[in-house]
Amino acid sequence: MSTAPAPRSIRPSARIALVTATAALTAVTATACSTSSPHTSDAAATSSGSGKTIRVAAAENFWGSIASQLGGSHVKVTSIITNPATDPHDYEPTAGDARTVAGAQYAIVNGIGYDAWADKLLASNPGSGRTELKVGDLVGIKPGGNPHRWYSPDDVHQVIEKITADYKKIDPADASYFDQRKTAFETKTLAGYDKLISDIKAKYAGTPIGASESIVTPLAEGLGLKMLTPETFLDAMSEGSDPTAKDKAAIDQQIKNKKIKIYVYNSQNSTPDVQAQVKEAKAEGIPVATVTETLTPAGASFQQWQTTELQGIEQALAKATGK
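A. How the structure looks around the overall build of the protein chain. The secondary structure content of the protein chain amounts to 14 helices and eight strands. For the protein chain, buried positions account for 52% of its 323 residues. Across the protein chain, the fraction of contacts at a sequence separation of at least 24, relative to all contacts at a separation of at least 6, is 74%. Total accessible area computed for the protein chain in this model is approximately 13300 Å², and 54% of it derives from carbon and sulfur atoms.

This is the structure we're talking about:
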């Protein structure tokens, strides 16, 4: 793994998005972004005792979606990053975002250098008795490590456990309600997500793949796939820096010699280098699958988004291997 990430240059899409996102996000803070799953059971949705509503601020909507579904009617979740075109690394928070954090009883940030702006919001708005979850600290990944923990199935389940435990501490009167929500979410709502992960791992473990950036690495590890792309290239692309000629040449050879079975790229960060690799892979008959950094489309739930991506990867692997 690389040392602590260098400052990222703002991607072209982010420059455009940040202008529009400022106005949009101010409106978002006025009305909480809730993505409660339609698949959560009626039993779990039954309200219990206190009538209390926990105000939750999530730096990114992938964590916000999970938090909202776990909290149901007893939480009001506002996610700051909601626009699929916005680059979370380079986001410039608004005054509305600061108010959201200041008024939150519970705050969820990714950490690991991914959303340093969120750490600054927390520090500048200490709040009275606010509970904070930094995902990187929870899963034991230090700055300089891979920050894309929402692509690690194991880490996702750790976050689910922690959010539920925190809700129960903040609102003990509704502990049984939160336990019911968690059980339904893990056994029913995430059933398709978990099954795809299990099926892909059982069928394609060890299959060599290539990728455009380090966002794919935790998912590849969770699926048991073998990442052949140089880690230095993956990190450079994720950090917005230029990859080395040596790394680009290595990937070119992997594609031309068909050492990788599929190529997975982040369509929200499709640089000229990545576009060239996608083109080369397709020319060599190597199936290509896509992932995105944040919920796509914006209104999707975490599981809808991830399941769609996993299905794409599974289809690419099936095409490549004939299994």
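B. Summary view of the sheet that holds strand β7 (residues 262–266). One open sheet holds the four strands; their spatial order is β6-β5-β7-β8, and the pairing between them is parallel. The open sheet has two edge strands, β6 (226–227) and β8 (288–291), and neither has a second partner. One ladder, built from three bridges, connects strand β5 (residues 208–211) with β7; its direction is parallel. Bridging from a neighbouring strand, I209 pairs with I262 of β7.

C. Inspection of the sheet that holds strand β2 (residues 75–81) at higher detail. The four strands are arranged β2-β1-β3-β4 in an open sheet whose pairing can be described as parallel. Two strands close off the open sheet at either side, each with one partner strand: β2 and β4 (131–134). Across the sheet, the axes of successive neighbouring strands diverge by a mean angle of 15°, strand direction being ignored. Where strand β3 (residues 106–109) and β4 come together, four bridges link them in parallel fashion. Each residue of the ladder has a partner; that of Y106, found in β4, is T131. Relative to β3, helix α5 (residues 116–124) is tilted by about 155°, and along the sheet it contacts β1 (54–60), β2, β3 and β4.

D. Expanded view of the environment of K226. Looking at the element boundaries, K226 is found in strand β6. As a C-alpha pair, K226 and T207 span 19 residues in sequence and 5.6 Å in three-dimensional space. In contact with K226, not counting residues within four places along its chain, are G206, T207, P208 and I209.

E. Representation of the pattern of salt bridges in the model. The final tally for this structure, using the stated rule, is nine salt bridges. Between K248 and D273 there is a salt bridge; the shortest N-O distance is 3.5 Å. Taken together, the residues K248 in helix α12 (residues 245–256) and D273 in helix α13 (residues 272–283) connect sequence positions 25 residues apart. In this structure K248 comes out as partly exposed when scored by relative accessible area, which is 29%.

F. The nonpolar core, seen in detail. In terms of nonpolar packing, the biggest core is built from 53 residues, with I66, Y106, I108, W150, I163, Y167 and F302 touching the most fellow members. When residues no more than four places from it in sequence are discounted, the contact partners of I163 are I66, A67, L70, Y106, I108 and L133.

G. Local environment of helix α11 (residues 231–239). The buried count for α11 comes to seven of nine residues, which makes it a mostly enclosed element. Within the span of α11, buried status applies to F233, L234, D235, A236, M237, S238 and E239. Where α11 is buried, its residues meet β5, α10 (217–223), β6, α12 and α13. Two residues or fewer after α11 comes G240, characterised by a positive phi angle close to 80°.

What counts, and where the lines are drawn
- Residues numbered from 1 in each chain as written.
- Predicted model: local features only at pLDDT ≥ 70, side-chain atom pairs only at ≥ 80, totals over all residues.
- Heavy atoms only, no water.
- Helix = DSSP H or I, 4+ residues; strand = E, 2+ residues; numbered from the N terminus.
- Buried < 20%, exposed > 50% of the residue type's maximum accessible area, 1.4 Å probe, protein only.
- Contact = heavy atoms within 4.5 Å.
- Areas by Shrake-Rupley, 256 points an atom, 1.4 Å probe, with all protein chains shown as cover.
- Pairing = 2+ DSSP bridges.
- Axes fitted to C-alpha atoms, helices over the stretch in contact; angles between N-to-C directions.
- Salt bridge = Lys/Arg side-chain N within 4 Å of Asp/Glu carboxyl O.
- Core = buried A, V, L, I, M, F, W, Y, C linked by side-chain atoms within 4.5 Å.

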